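For reference, the chains in residue letters:
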Amino acid sequence: MDKRIILTNHVKRMTESLARLGMVHAVISPGSRSTPLAYALASDDRFETHLQVDERSAGFFALGLAKATQLPVALLCTSGTAAANFHPAVTEAFYARIPLVVITADRPHELRDVGAPQAIRQPGMFAEHVKYHVDLPIPEESAAVDDFLERQIARTVAVTMTEPKGPVHVNAPFREPLLIDLGQPAPPVTFQASIAGKSVFAEDRKRQVSGLLSRASRGLLVAGELPPGFPKETVWAFAERMNWPVLCDPLSNLRSEVPESCRHLCIDSYDALLKQDRLAERLAPDTVFRIGPQPVSKPLTLFLKQARPAVYAVVDESALFRDPIGIATHHLQTCPEEVLSLQSESHQQPAYTEDWSEANRIVSEVTASHRWDEEHEGDYVRTLLDQLPDGSDLISGSSMPIRDLDTYFRNTSRDIACFSNRGANGIDGVVSTALGIQAARKRPSWLLIGDLSFLHDSNGLIVSRMEETDLTIVLSNNNGGGIFSYLPQSTEPAHFEELFGTPTDLSFAPFAELYDIQYSCVSSVAQLEEQLQQPKTKPLRIIEMISNREQNTAAHRALWQSAGEELDRHGF
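Residues numbered from 1 in each chain as written. Predicted model: local features only at pLDDT ≥ 70, side-chain atom pairs only at ≥ 80, totals over all residues. Heavy atoms only, no water.

Participant: Just to check I follow, could you spell out the layout of surface pockets for this structure?
Facilitator: The calculated volume of the largest pocket comes to roughly 1100 Å³. Lining the largest pocket are 49 residues, and of these Ala96, Glu225, Gly292, Pro293 and Arg322 sit closest to its centre. Mapped onto the lining of the largest pocket, the elements with two or more residues apiece are helix 5 (87-96), helix 11 (298-307), strand 11 (311-315), helix 12 (336-340) and strand 14 (416-420). Considering every element that reaches the lining of the largest pocket, the biggest residue donor is strand 14, with 3 residues. Taken together, the residues of the lining of the largest pocket break down into 21 nonpolar, 13 polar and 15 charged. (1 Å grid on protein atoms, 1.4 Å probe; cavity = no way out; pocket = protein on both sides within 12 Å on 5 of 7 lines; lining within 4 Å. Points joined across faces, edges and corners; volume = space filled by probe spheres on them. Helix = DSSP H or I, 4+ residues; strand = E, 2+ residues; numbered from the N terminus. Nonpolar A, V, L, I, M, F, W, Y, C, P; charged D, E, K, R; others polar.)

This is how it looks when you write it as structure tokens:
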């Protein structure tokens, strides 16, 4: 058989298998060795293909697509260091449990380790950061190879979607010539699908868990990051039935569209109120059920570790349950809805729930009204959150943005979904992740990001030249790494600015000019309010907010002190 026909059959068998398994999105970075598979994906109208020339940004764009859809996304590049640039996104996907099918084109086996250009050791290159990897055979006319290829593609998709979800790696070597016949139909695929069954929460286990719930007198539900589409009504039905406070991480998305009857049970200021040691001791629980990963808040983590409740149940569909503070007493391997729907008699102390609700109300009011001598980063974030339109998505960077989101995002009836990369908590790839989320969800999106994080992924903006987007980047420019001002190293002034503050003294207006982005710069809350009310005139917009790191730190500490004083005044 002609080599071109063999190559065409090989790559179209791959794409046919991926399409039959439900894959829709494919992110492609251009390169020579990946030519046959890139053409096969681009010529198949069942795939929505996205182009990104920077592989590191491409990886995070694909991660954003997969995070938003919770479906596997193909990520394709050529051989050599192009593949190595996927590693940061692959690592984030592994720890955040995001389904990515990473496909790296490769030189044939005879060109490995002999000094050939763009030939590195790709098989197994992602090591422990992928759930499964396979080095495919060279395309050939062989029924055995065809069968192997179909089953490997089915296996990789099944593995990436099995809890815990995560990335898989397919290394695909090709010999030259690399062109395929675009008009040649895909060969028939015999292996149809891997059909997975959902784990069943056995009746005896349900009775055991119901007993844990009914024995609680000081019960808390802690909600970490939850996936898009999670049935929030199950949480609020559980909270009302049990009269349990729900500590809602902003990434749980339980702070938005909160039913009026449950507003008092939605605890959204726990980060600030748990900084008060006496109150934290008063609010110690005897039972905690956690859904999703551990929330962002460090005070919450310290509170739970100190309280060490008699029952700390982690609900996780994976056997690899997450327990970073080492206090879990029970692992419930099932979906949260199974646990939340259990009918259990409540013996919750009403006064315990009332203490949480009242303390949360007090701190929320202080947070909403507190003003410091100088306007600061927190004022900007509070203003942004107050004015976000209904039906928006908010993507947050790590470090200070996610912590300010935790502090200032109050429960609301608006539909506002929050996202962030909290698998490895890195500051890289955030711009591309936001663009990927927006591409998947097709909703007006807002990215809250710091200056250093933006610089890490400014190449991600290139994708806006290749497809439509609707993103406003709210760029908090405090001239360096703001988070370090809150950490112990800030108490040692020698070399602090050089090593941690890392001021760059940059304006971001040239980035906007380079990429034809709508741009404005604000240095006051009034200016920010004015800009937020201005219509977008271009697909991408940057609002650069100028602030001072020292003032930001002092203002946040003043807020926490005011919250403590107000709690004291109310007898907490």
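Participant: I would appreciate a short explanation of the packing of aromatic side chains in the present structure.
Facilitator: Geometrically, a pair of aromatic rings is defined through the distance of the ring centres and the angle of the planes. Considering all chains together, one arrives at 7 aromatic pairs under this definition. Aromatic side chains Phe94 and Tyr95 sit 5.1 Å apart centroid to centroid with 90 degrees between the ring planes, which places their arrangement in the edge-to-face category. Under the relative-accessibility criterion, Phe94 is labelled partly exposed at 26%. Accessibility expressed as a relative area gives 43% for Tyr95, which makes it partly exposed. Here the aromatic rings of Phe454 and Phe508 are separated by 5.3 Å at their centres, their planes lie at 90 degrees, and the arrangement is edge-to-face. Residue Phe454 is located in helix 17 (residues 451-456), and its partner Phe508 is located in the loop between helix 18 (496-501) and helix 19 (509-515); the two are separated by 54 residues in the primary sequence. Of the two residues, Phe454 and Phe508, neither departs from the other in class, the shared state being buried. Grouped by ring-pair contacts, the aromatic residues Phe238, Trp244 and Phe289 constitute a single cluster. (Phe/Tyr/Trp six-rings, centres within 6.5 Å; stacked < 30°, edge-to-face > 60°. Buried < 20%, exposed > 50% of the residue type's maximum accessible area, 1.4 Å probe, protein only.)

Participant: Whenever I open this one, the sheet that holds strand 1 (residues 25-28) confuses me. Can you help?
Facilitator: Backbone hydrogen bonds hold the strands of a sheet together, and the pairing may be parallel or antiparallel. Strand order in the open sheet formed by 6 strands is 2-1-3-4-6-5, and the pairing between neighbours is parallel. Unpaired on one side and paired on the other, strand 2 (48-51) and strand 5 (133-135) mark the two borders of the sheet. Neighbour to neighbour, the strand axes of the sheet diverge by 20 degrees on average, direction disregarded. Here helix 3 (residues 55-69) sits on the sheet and contacts strand 1, strand 2, strand 3 (73-77) and strand 4 (100-106); the angle it forms with strand 3, its principal contact strand, is near 170 degrees. (Pairing = 2+ DSSP bridges. Axes fitted to C-alpha atoms, helices over the stretch in contact; angles between N-to-C directions. Contact = heavy atoms within 4.5 Å.)

Participant: Help me understand the environment of Val90 in this model?
Facilitator: For Val90, the position within the fold is in helix 5. Taking the C-alpha atoms as reference points, Val90 and Ser398, 308 residues apart in sequence, are found 17 Å from one another. Contact partners of Val90, with chain neighbours within four places excluded, come to Val102, Phe126, His129, Val130 and Pro167.

Participant: Explain a negative patch on the surface to me, please; I cannot follow it from the model alone.
Facilitator: A cluster of acidic residues, Asp373, Glu374, Glu375, Asp386 and Glu529, forms a negative patch at the surface. Turning to its location among the elements, Asp386 is positioned in helix 14 (residues 377-387). Given a relative accessible area of 54%, Asp386 falls into the exposed group. (Patch = residues over 30% accessible without salt bridge, like charges linked within 9 Å, V, L, I, M, F, W, Y side chains within 5 Å. Areas by Shrake-Rupley, 256 points an atom, 1.4 Å probe, with all protein chains shown as cover. Salt bridge = Lys/Arg side-chain N within 4 Å of Asp/Glu carboxyl O. Lys, Arg positive; Asp, Glu negative; His and termini not counted. Charge placed at Lys NZ, Arg CZ, Asp CG, Glu CD.)

Participant: What exactly am I supposed to notice about a nonpolar patch on the surface here?
Facilitator: Taken together, the side chains of Tyr39, Leu179 and Leu182 make up a nonpolar region of the molecular surface, amounting to roughly 290 Å² of accessible area. Position of Leu182 relative to the elements: it lies in the loop between strand 6 (168-173) and helix 7 (203-215). Judged by its relative accessible area of 43%, Leu182 is partly exposed.

Participant: What am I meant to see in the pattern of salt bridges here?
Facilitator: For side chains bearing opposite charge, pairing can occur when the charged atoms are close. Going through the model one piece at a time under the given rule, you end up with 33 salt bridges. Taking the shortest distance from any N to any O, the salt bridge between Lys538 and Asp516 comes out at 2.6 Å. In this pair, Lys538 sits in the loop between helix 20 (525-532) and strand 18 (540-546) while Asp516 sits in the loop between helix 19 and strand 17 (518-522), placing the two residues 22 residues apart along the sequence. Given the relative accessible area of 43%, Asp516 is considered partly exposed. One network of salt bridges, with partners in common, ties together Glu16, Arg20, Asp44 and Arg46.

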